Each structure stands twice: as C-alpha cells, then as structure tokens.
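# Chains, contacts and geometry: an overview
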Amino acid sequence: MKWLESNLDLVWELMVDHVALCVPPILLGFVISIPIGWLANRYRPSRGVILVVLGLLYTIPSIPLFVFMPIVLGTPLLSPVNVVVALTIYAVALMVRTAADGLASVDRDVLQAASAMGYSSWQRFWRVELPLSGPVLLSGLRVVSASTVSLATLGVIIGVQSLGYLFTNGFQRNIPIEVVTGIVATLLIAVVFDLLLVLLGRVLLPWSRGDGRQDARRARRRTATLVAEGIS
Amino acid sequence: MIEFRSVTKQFPDGTVAVDDFDLVIPPRQTTVLVGSSGCGKTTLLRMINRMIDPSSGSILIDGEDTAKLAPVQLRRRIGYVMQNSGLLPHRKVVDNVATVPLLNGVPKGEARERALELLDTVGLDRSLATKYPRQLSGGQQQRVGVARGLAADPNILLMDEPFGAVDPIVRAELQRETIRLQQELGKTVVFVTHDIDEAFLLGHQVVILQKGGHIAQLGSPAEILANPADDFVATFVGADRGKRALRIQRVDGRDVVVDQNGTPTGVLQP
C-alpha cells in the first residue's frame, strides 16, 4: 500500500498514456472496418476470403508484430505510432466481421422501401443502412474496446509507456501491489470505455432500446472473456 | 395515365418474369394486378417507379418515357406502399411519414406539420406521431405506410400487397379506407394482390395475370364475373363454385339469393 501512496502520480500518468494509446486504434479500427465490411457484402464471392483473412490477423502474436512495426513503417523504435498501428490491425481483425454482419443484418424490406421512397444509394447508406446496423456495430465496438485496452499493456515491451509498465516493473522488483494496481487500473479503463460506449448507444440509437439487449449481453460475455485473457 | 408498351423483363438468371406486356392504366382510378405468385405482378409494379428496369419495351407516365427520367427523382413523385410497411425502424412515425418531403428539401417544420395532417387523413391519432414503428400494431404500421406514400402528394400510388400480412378484420378496415382515400384524393392507384376478393373490392379495372405477365382477362369486376374469358379465369375468380355461384330461390313470394351449397346470402330487392 505504501508503494501505491507514493506512486499515485505515476499511476495516473500511465493511465492517461494508456487511454491516449487506446483511443486512436479503437476509432481507426471502427472507421476502417465499415467500408471493408460493406465491400465484403457488396461482392459476395469475396466475402468469405476477406473476413477469414482479416480475422486471422488477430492471431498474429503481438510481441513480434510490435517489434516488426518500426521495420515495416520506418518509424522510430520507441514511437507510440508502432503500437497504435499494431492495435489498429487487431481492432480491424475483430471489427470487420461485425461490420459486415451488422450491415447485412439490416432488413431487406426496409432497404427496398428506402429506395422506393427516393433515397439515392449514398443517402440510403448514411441515413438507413449505417444507423440500422448501429446495435450490431456497437456490440462489436465494445469487444474491440476491451481487447484494445488489454493489448495496449504490451506496448511497454517495446518501450511505449502504458499501464503494462506496472506489470513488468512490479515483477522485476517483486512488488505485488504494483502488479495488482496495474490490473485494477486496466480494468477500470476497460469498464469506463464500455460504459461510455453503452451511453453513446443510448444517445445515438434510442429506437433500438429493448431490441439490442440480447446482442449486448452476448457482447458483454465476450468482453469479460477477452479482458480475462488479456490480463492472464 | 400509365402505359406499358411491349414490356419484357428477363432477370440475369434467365427467368422471364414479364413477356411482351401491354397495358393502359387510366388516371384517377384503381387498377388491380392480380395473380398467383410468379405471375410477374410485383415486377410490373416495380417497373413503374424504376425499382426494376425493363429489358425491353417502354413505360410511359402521362406520355413521358420513364427511361428518360432519373430514377431517384421519379420515385420521389410516386407513392409506394409495401407489405410489412417497410417503415424505417429508427425514425419516429412523424418522420417516417415526412420522409419524401424531407428528401425533396421541404423544411423540417413544414414537413412534420403536413405529416401530422396525413395521420388524420389515414385515421391515426396524432399521439402516435412520436412513437417508433415497432411500438405500433401491424394495422397501424400499414396506415403509416399509406400516409408516407401520400406525403409528397403524388398523382400515382403504388401498393404492393399492402394488406397481406394483417389479420382479416384489420384488412377489411384498411381496404375500406383505401377505397375512401382513392375517392377523396383521386389518385391513380396501382394495386398488386393475389387475393381476387380484394381485387374485385378495390379495382375499377382488374387485370388477371398468368405466368410471365400474360393478361388472362382485363375488365371491371362485373365484366369479368359476367363473362370469364376462359376456364382459367373462371376457376381463378371462383365463378364456378362457392359464394360466387349464386342462385335465386323463391321463398314465400320473395327472391332469396343462395350460394352453391344452398346457404341463403341475401334477398333480391325489387
């Protein structure tokens, strides 16, 4: 406990770093996955290949990926960009199938009706397809958020500041409370992100309340598993 | 007036849904396209607002070839009502009704005011305006669908089996409303159904279709009943059986109308 009292500033600083490291990959993963998911649905024969190949990206071991990033990107060794790009790759891997499924989940009748009303394809995508896939996209985004928050701890291995520092440092110096603090702080960020996403859903998708409950429950279960895996 | 001129539609998989189809749909009346599934009736309907483009032939609206019009603009001036309402689940009832005026650039306040008036027109309480479609019953959703179809005050209203999925009592009510609205507003209604009773009830002109969009018979309900063109039509309209094969029985000096089973259905008025 004494360690925690004298290191509160450090913990806070690392939490801020951690959040800064997580937000861009979550947003980028979302934004990149939508057009890919759309394309996968649009060109049916390619759907299986696109989704499987991109899904497999998640199985790339994270440490080699982090290490290879500067070589591939030509970025400085210690640049946070390396971690952001790597985490974005994982985010896309997780999100792209949800994006495709979400867009495919929109009722064909509704799309037909929208066209019959006189929505152009562009208007129909932004005003009908995208909002209606919202509940599914949100459930995917919650999984991506949890996964990203836990994976970001690994950034410390290539020298990028995150809460992972508390794990490595705590182990090396044999300070259990430091490791526990790292776990709790990571969990805290994951939970706060998740709550924010749920809140965002409430605000942006008021029409779906009640319908999406099952999706949400499923997503929460996946989130819990992923967070547990990330920490172990 | 809507005119089909030797219209053929072959889908990419080779099916010929409509083969060399000609028809004139008179203005300010209800024309019903009726037939079993696969007769091409929905394809015909969707070719009017270019949801489907014909493989050959042309469709004219008031003399203007629709192939020369931009599909999106064309659709905005033709009302469309479909089965299962097709309402946008993420828009409140009032915004669903206002969809087309909003697409046409009508200011939001004005479009909503008009939408509320349309709820009155189709017999819905204005308190439903702020609900989402899934909070409404099937019959109410269909009424909203009709209001949405009327919102831009189109001359033409296309109705694709709009009452197929509601229960018989609500369907009867909606059918009466459709007749009333058509009479009050004087729209050109093109209605698709597989239900011959519905066709006879609503149609000024009824088009009985066979596979490939071949017209088995065209005429008013009375004309068709009085003179079925062939056995197919006779069987299809049920002229040879049940409640349409009526006879007169003299009972106590009055003419009682009975159906094929001898069940009395009414009394002939002098």
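Residues numbered from 1 in each chain as written. Chains lettered and ligands numbered in written order. Predicted model: local features only at pLDDT ≥ 70, side-chain atom pairs only at ≥ 80, totals over all residues. Heavy atoms only, no water.

### Quick word on the overall build of chain B
Applied cut-off: Comment: elements are numbered from the N terminus, with helices defined as DSSP H or I runs of at least four residues and strands as E runs of at least two. Radius of gyration: over C-alpha atoms. The globule rule applied is 2.2 Å multiplied by the number of residues raised to the 0.38 power. Relative accessible area decides the class of each residue, using a 1.4 Å probe on protein chains only: under 20% of the type maximum gives buried, over 50% gives exposed, and in between gives partly exposed. Note on definitions: a residue-residue contact is assigned when non-hydrogen atoms from the two residues lie within 4.5 Å. Only four residue types enter the tally: Lys and Arg on the positive side, Asp and Glu on the negative side; His and the chain ends are excluded. One atom stands in for each charge, and that atom is NZ of Lys, CZ of Arg, CG of Asp or CD of Glu.
A tally of regular secondary structure across chain B gives 10 helices and 13 strands. Scaling as 2.2 N^0.38, a compact globule of 270 residues should have a C-alpha radius of gyration of about 18 Å, and chain B matches this with 20 Å. Taking the principal axes of its C-alpha atoms as reference, chain B extends roughly 65 × 45 × 30 Å. By the burial criterion, 49% of the 270 residues in chain B qualify as buried. In chain B, 60% of the contacts between residues at least 6 apart in sequence involve partners at least 24 apart. Charged side chains of chain B number 31 positive and 32 negative; the gap between the two group centres comes to 6 Å.

### Remarks on the UniProt feature "domain: ABC transporter" (unreviewed entry) in chain B
We count it as follows: UniProt positions are given in the numbering used here, feature names are shortened, and annotations may be inferred rather than shown by experiment.
Per the UniProt record, "domain: ABC transporter" (unreviewed entry) is found at residues 2-237 of chain B. Taken end to end, residues 2-237 of chain B has its terminal C-alpha atoms 25 Å apart, with 38% of it in helix and 25% in strand.

### Points about the domain arrangement of chain B
Residue and element names in this part refer to chain B. We count it as follows: What counts as a domain boundary in this text is fixed by an automatic or database domain assignment. When two parts are brought into contact, each loses some accessible area as probed by a 1.4 Å sphere; the total of that loss over both is the buried area. Any carboxyl oxygen of Asp or Glu that lies within 4 Å of a side-chain nitrogen of Lys or Arg is treated as forming a salt bridge with it.
Segmentation of chain B into domains returns domain 1 (1-77 + 155-237), domain 2 (90-154) and domain 3 (242-270). On a C-alpha basis, the centres of domain 1 and domain 2 stand 25 Å from each other. Taken together, the contact pairs 16 residues of domain 1 with 16 residues of domain 2. A combined buried area of about 1300 Å² lies between domain 1 and domain 2, and 62% of that area is made up of carbon and sulfur atoms. For the pair domain 1 and domain 2, the number of links is three salt bridges. Salt-bridge contacts for Asp153 lead to Lys187; the nearest nitrogen and oxygen are separated by 2.5 Å.

### Observations regarding the environment of B:Val18
Within the secondary structure, B:Val18 is located in strand 2 (residues 16-25). Apart from residues no more than four positions distant in its own chain, B:Val18 is found in contact with B:Val7, B:Thr8, B:Lys9, B:Gly40, B:Thr43, B:Leu44, B:Met47, B:Gly212 and B:Gly213.

### What to know about the interface of chain B and chain A
Basically, it comes down to this: Any pair of nitrogen or oxygen atoms within 3.5 Å is treated as a polar contact; in protein, a donor-acceptor pairing is required on top of that, and neighbouring residues in sequence qualify only through side-chain atoms on both sides. Following the grouping adopted for this structure description, the nonpolar residues are Ala, Val, Leu, Ile, Met, Phe, Trp, Tyr, Cys and Pro, the charged ones are Asp, Glu, Lys and Arg, and the polar ones are all others, Gly among them.
Every contact between the two is made by 22 residues of chain B and, on the other side, 21 residues of chain A. Summed over both sides, the interface of chain B with chain A buries roughly 1900 Å², with 61% coming from carbon and sulfur. Among the residues of chain B in contact with chain A, B:His90, B:Leu103 and B:Arg134 are the three that bury the most area, contributing 29% of the side total. Here chain B is connected to chain A by zero salt bridges. Here chain B is connected to chain A by seven residue pairs in polar contact (both at pLDDT 80 or more). Contributing elements (two or more residues each) for the side of chain B that touches chain A: helix 2 (71-76), strand 6 (78-82) and helix 4 (99-103) of chain B. For the side of chain B that touches chain A, the class distribution of residues is 10 nonpolar, six polar and six charged.

### Quick notes on the nonpolar core
Where we set the bar: Residues belong to a common nonpolar core when they are buried Ala, Val, Leu, Ile, Met, Phe, Trp, Tyr or Cys residues joined through side-chain atoms within 4.5 Å.
One finds B:Phe4 and B:Ile48 to be the most contacted residues of the largest nonpolar core, which totals 44 residues. With six residues, helix 6 (residues 108-117) of chain A is the largest single contributor of residues to this core. Each residue touching B:Ile48, except ones within four places of it in the same chain, is listed here: B:Ile2, B:Phe4, B:Ile25, B:Ile61, B:Thr66, B:Leu74, B:Ile78, B:Leu158 and B:Val190. Counting residues in each nonpolar core, the second largest holds 42 residues, with B:Leu119, B:Leu136, B:Val189 and B:Leu202 among its members.

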